[in-house]
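Residue-level structure breakdown
Each chain, written out:
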Amino acid sequence: MTRFAEKYGRLARITLAGAICCVLFVVSYIQASAADAAQTKSTAEALVKRAGLRRGLCAVLGRDGDMAIQLAKASELLVHVRAPRSSDVAELRQQADEAGLSIGRLAVERGRIDRLPYADNMIDLIVATGVSADDFKKLSTDEILRALRPEGTAIIGRKLVGDDEQAQLAQLKKWATTAGSQNVNTWTAAGSVWVQLRKAPLEGIDDWSHWEKGPDNNPVSTDTVIKAPYMTQFLAKPYYIGMPAITTAAGGRTFLAVGNIAHHRREWSTLNRLIARNGYNGTILWERKLPDGYLVHRSAFVATKETFYMIGGDRCVLLDPQTGKVQGTIQIPGVKGPWKWMAIMDDVLYVLAGDKEPGTQLIKGDRTFGGWSWADLSKGYYAKPRIPYGFGHTLAAYDLKSKQRLWKHQEKDPIDSRAMAMRDDKIYLFCPEHRLRALTISAGRVAWTNEDKNVVDLIREPGKGLTSTPGWRTSCLTVATPQSLIIQGQTRMNVVSVSTENGKLLWTKRKITNNPNAIYVDGNIVLGIGPGGSHVSIDPKTGEVKENLKFRKRACTRLTASPDSLFCRGEGTLRYDRATKRLLVDGGIRPGCNDGAIPAHGLLYLGPWSCDCNLSLIGRMAKCSAGDFRFDRVATEKERLETAPQTVEE
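Parameters and conventions
Residues numbered from 1 in each chain as written. Predicted model: local features only at pLDDT ≥ 70, side-chain atom pairs only at ≥ 80, totals over all residues. Heavy atoms only, no water. Helix = DSSP H or I, 4+ residues; strand = E, 2+ residues; numbered from the N terminus. Buried < 20%, exposed > 50% of the residue type's maximum accessible area, 1.4 Å probe, protein only. Contact = heavy atoms within 4.5 Å. Areas by Shrake-Rupley, 256 points an atom, 1.4 Å probe, with all protein chains shown as cover. Lys, Arg positive; Asp, Glu negative; His and termini not counted. Charge placed at Lys NZ, Arg CZ, Asp CG, Glu CD. Pairing = 2+ DSSP bridges. Axes fitted to C-alpha atoms, helices over the stretch in contact; angles between N-to-C directions. Expected span 1.5 Å × (residues − 1). Arc of directions from axis to C-beta. Core = buried A, V, L, I, M, F, W, Y, C linked by side-chain atoms within 4.5 Å. Right-handed = clockwise from strand over helix to strand, strands pointing away. Phe/Tyr/Trp six-rings, centres within 6.5 Å; stacked < 30°, edge-to-face > 60°. Lys NZ or Arg CZ within 6 Å of the ring centre and 35° of its normal. Polar contact = N/O pair within 3.5 Å; in protein donor to acceptor, adjacent residues only side chain to side chain. Salt bridge = Lys/Arg side-chain N within 4 Å of Asp/Glu carboxyl O. Parallel < 35°, antiparallel > 145°, perpendicular 65-115°, else oblique. Left-handed = near helix turned anticlockwise from the far one by under 90°. Nonpolar A, V, L, I, M, F, W, Y, C, P; charged D, E, K, R; others polar.

**Let's talk about the overall build of the protein**
What the protein contains, in helices and strands, is eight helices and 40 strands. Here the protein, with 650 residues, has 53% of them falling under the buried criterion. Long-range contacts, defined as pairs at least 24 residues apart, comprise 57% of the intrachain contacts of the protein with a sequence gap of at least 6. Of the roughly 29700 Å² of accessible surface on the protein, a fraction of 51% belongs to carbon and sulfur atoms. Computed over 89 positive and 69 negative side-chain charges, the inter-centroid distance for the protein is 4 Å.

**Overview of the sheet that holds strand β13 (residues 301–303)**
The strand order β13-β14-β15-β16 describes an open sheet built from four strands, whose pairing is antiparallel. Each edge of the open sheet carries a strand with a single partner, namely β13 and β16 (326–330). Pairs of neighbouring strands in the sheet enclose a mean axial angle of 15 degrees, with direction left out of account. Where β13 lies against strand β14 (residues 308–311), three bridges are found, and the strand directions are antiparallel. Bridge pairing in β14 links valine 302 to tyrosine 309.

**Concerning helix α3 (residues 86–98)**
Here α3 is 13 residues long and its end C-alpha atoms lie 19 Å apart, about the 18 Å a rise of 1.5 Å per residue gives. Along α3, the residues classified as buried are Asp88, Val89, Leu92 and Ala96. All buried residues of α3 project into a common sector of 100 degrees when viewed along the axis, lining one side. Among the exposed residues of α3, those oriented more than 90 degrees off its buried face are Asp97 and Glu98.

**Section: unusual backbone geometry**
A cis geometry characterises the amide bond from lysine 237 onward to proline 238, with omega recorded as 5 degrees. Counting through the fold element by element, proline 238 comes out in the loop between β8 (230–236) and β9 (243–250). The omega angle of the peptide bond from methionine 243 to proline 244 is -10 degrees, so this bond is cis rather than trans. You can see proline 244 is positioned in strand β9. A positive phi angle is found at asparagine 121, which is not glycine, with a value near 60 degrees. Note on placement: asparagine 121 falls in the loop between β3 (106–110) and β4 (123–130).

**A closer look at the nonpolar core**
Note that soluble globular proteins tend to have their nonpolar side chains buried in a common cluster. Counting residues in hydrophobic clusters, the biggest one holds 37 residues, and the most contacted among them are Leu274, Phe301, Tyr309, Ile330, Trp339, Met342 and Leu349. Beyond its immediate sequence surroundings of up to four residues, leucine 349 is in contact with Ile330, Trp339, Met342, Ala343, Ile344, Ala396, Ala397, Tyr398 and Leu400. Within the second largest apolar cluster, 28 residues are counted, among which are Ala44, Val108, Leu125 and Trp194.

**Things to note about the pairing of strand β2 (residues 78–83)**
With respect to burial, β2 is a largely interior element, five of its six residues being buried. As paired strands, strand β1 (residues 57–62) and β2 are joined by five bridges and run parallel to one another. In the sheet register, cysteine 58 faces β2, and the bridge partner there is valine 79. Regarding topology, helix α2 (residues 65–73) serves as the crossover connection from β1 to the parallel β2, and that connection is right-handed. In terms of strand pairing, β2 meets β3 through five bridges, oriented parallel. When the bridges of β3 are listed, valine 79 appears paired with leucine 106. Since β2 and β3 lie parallel, the crossover through α3 that links them has a hand, and here it is right-handed.

**Considering the pairing of strand β12 (residues 284–289)**
Relative to β12, strand β11 (residues 273–278) runs antiparallel, the two being bridged by five bridges. Across the sheet, the residue bridging to leucine 274 is arginine 288, located in β12. Connecting the antiparallel pair β11 and β12 is a turn made up of five residues, with glycine 282 showing a positive phi of about 85 degrees.

**Notes on helix α6 (residues 165–176)**
For α6, built from 12 residues, the straight-helix expectation of 16 Å at 1.5 Å per residue is met to within 8% by its first-to-last C-alpha distance of 17 Å. Those residues of α6 that sit buried are Gln168, Leu169, Leu172, Trp175 and Ala176. Projection of α6 onto a plane perpendicular to its axis shows the buried side chains occupying an angular sector of 125 degrees, all on one side. In α6, the exposed positions angled more than 90 degrees off the buried face are occupied by Gln166 and Lys174.

**With respect to the sheet that holds strand β25 (residues 446–450)**
In space, the four strands of this open sheet follow the order β22-β23-β24-β25, with antiparallel pairing throughout. Looking at which strands have only one partner, the edges of the open sheet turn out to be β22 (421–423) and β25. Adjacent strand axes in the sheet meet at a mean angle of 20 degrees when their direction is disregarded. Taken together, the six bridges between strand β23 (residues 426–431) and strand β24 (residues 435–440) define a ladder with antiparallel strand orientation. For lysine 426, the partnering residue across the bridge sits in β24 and is threonine 440.

**Section: the packing of aromatic side chains**
Taken as a whole and judged by the stated rule, the model has nine aromatic pairs. Following the ring pairs from residue to residue traces out a cluster consisting of Phe255, Trp286, Tyr294, Phe301 and Phe308. Over the ring of tryptophan 507 we find lysine 509, and its NZ or CZ is 5.7 Å from the ring centre. Between arginine 590 and the ring centre of tryptophan 609, over which it is positioned, the NZ or CZ distance is 5.8 Å.

**Quick word on the side chain of threonine 394**
Tracing the chain through its elements places threonine 394 in strand β20 (residues 391–399). A distance of 2.8 Å separates a polar atom in the side chain of threonine 394 from a polar atom in the side chain of histidine 393. Among all residues touching threonine 394, those that are not within four sequence positions of it are Val335, Val351, Leu352, Ala353, Lys408, His409 and Gln410.

**Section: the environment of proline 482**
Within the element layout of this structure, proline 482 appears in the loop between β26 (478–480) and β27 (484–487). Taking relative accessible area as the criterion, proline 482 reaches 34% and is therefore assigned partly exposed.

**Observations regarding the pattern of salt bridges**
In this structure the tally under the stated criterion is 34 salt bridges. Between glutamate 143 and arginine 146 there is a salt bridge; the shortest N-O distance is 3.0 Å. One end of the pair is glutamate 143 and the other is arginine 146, both in helix α5 (residues 141–147) and three residues apart, which spans about a single turn. On the basis of relative accessible area, glutamate 143 is assigned to the buried category, the value being 15%. Here arginine 558 ties to glutamate 212 by a salt bridge, and the two come within 2.9 Å at their closest N and O atoms. With arginine 558 in the loop between β33 (545–548) and β34 (560–562) and glutamate 212 in the loop between β7 (192–199) and β8, this pair connects stretches of sequence that are 346 residues apart.

**Details of the packing of α2 against α3**
Two elements in contact, α2 and α3, have axes separated by 10 Å at closest approach and are oriented at 30 degrees. The orientation of α2 relative to α3 falls into the category roughly parallel. Crossing of α2 over α3 shows right-handed handedness. Residue-level contacts link Gly65, Asp66, Ala68 and Ile69 of α2 to Leu92, Gln95 and Ala96 of α3. Classifying every residue of the contact of α2 with α3 gives four nonpolar, two polar and one charged.

Structure representation (structure tokens):
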């Protein structure tokens, strides 16, 4: 018994010691895992902060699943993981499920990291932290920069090996420094060396800063990046919106202001809303409710890269374009009453203010059948003698840099904000019962006045026998060209041209349709007053018809232009090729009501819809240039079929 007890007592002591060691090992492992998890979380939060964004598209390259999950948790990014091995994909999908992250927040796919499955100029943030030395050799800065949106960022990290930190940082910086990257920074943190690079802005793009592109009200873009033919950049919700609506665009973002009228329940949630969107991938950045009674269909918004300006009663509200947070407000001394119109030119804010008006009426229709009627619109669109809002009496100029009022001008008679326009050295105004007038932009002094009753009556004459829909009476009246002002209103009878030099009448023409809109391209006016409402090219000074372009637009969707095209509603999107003079119609989607097709940021923005003219596609769409893409190429099984490996992966 003694030997037995001695033998098994020794064994028990050995077993107990082993168990204690095992427990200590497990505890150490758990502690190390917790420390690693905390470090990964901290690193992910730091990367999000460095990227400077909360919403958007993030691509994670490689097998670092923990980092992908923490990036999703630390932000509102949609994270897409590109992992090279099937086992990594399955493991990360399970981790995402356990973390409660749906496919709408974190998606994982197997694929190569040297060739990324993203459209050009699409991704906000690219992160790679778990790539091996061999994988790193496959990473191409050219491919990363191709996929990144302009001013998007990539952050690449590698484990620090040995003590030669500076040499490894220099290697990363050399890899990241290319012609298409900017602001390349390197640092060491969490036992890794890191490099961050930003994609340079696209050259040749244009913004759409005001409701009619610019203060001259000429909806013609100078964007040379967007060229036909096109491919789809993104499709996004909402599918339908209320009306009226306008879009401004700047700094890679679009800002959609939706008005007060809905004909169906599906549009109710969009009424009186401002929706800011990433212009390259369609991500909604923020939304803001507009005040009750707000009129969106006017020059109430100005978009810039740094600030989004919005009329807010008797002041201007300044919003951060990325987050929607209020940056401040502008009130101009001596300018009383609600603002009716504003524009920005050369860092100077110009404002029209006046008396308080009744505002728009919220209409929440619940039609269960398609279409709508102009009779469904709110009070004011048929009011006589004029609509009840948009009129002011005080004009002022405010320097945005010095924050000083430059000048103030007052009229005794109401000024119609729909006719406000600016170009070169003049700002133009129209008092409907009395006069046209031009002020100098620099000092606000009267440059000329035209009080000829015949001219005023020509502008105001109601339309008779005109075709097409009545259109939106809140639409812009005036386009300013170097030689003349082109004035014509919805449901009005005449197009009137007066000299920008002295205000004298140059020419007048009778309209064919209720709602054409003039644009100024190649030194001529393009306007739908030809036979049957077809668009013709007109000399802005003499009124001579130079050419019949032989196309016409449908309804109230406005005519817009880019350097290679004219756009309107066809049915579908009608494009007139300015070089070949050919007409092409995309029957898949039509331009949005009011807005039309908007060329900006190297893209072409269409929709969403305010009505029921459903074609194949609905919602907000952006098109990009197709470049040399082969639309006629036939896919073959040999080229496109991906086969399973012959051996099972380890």
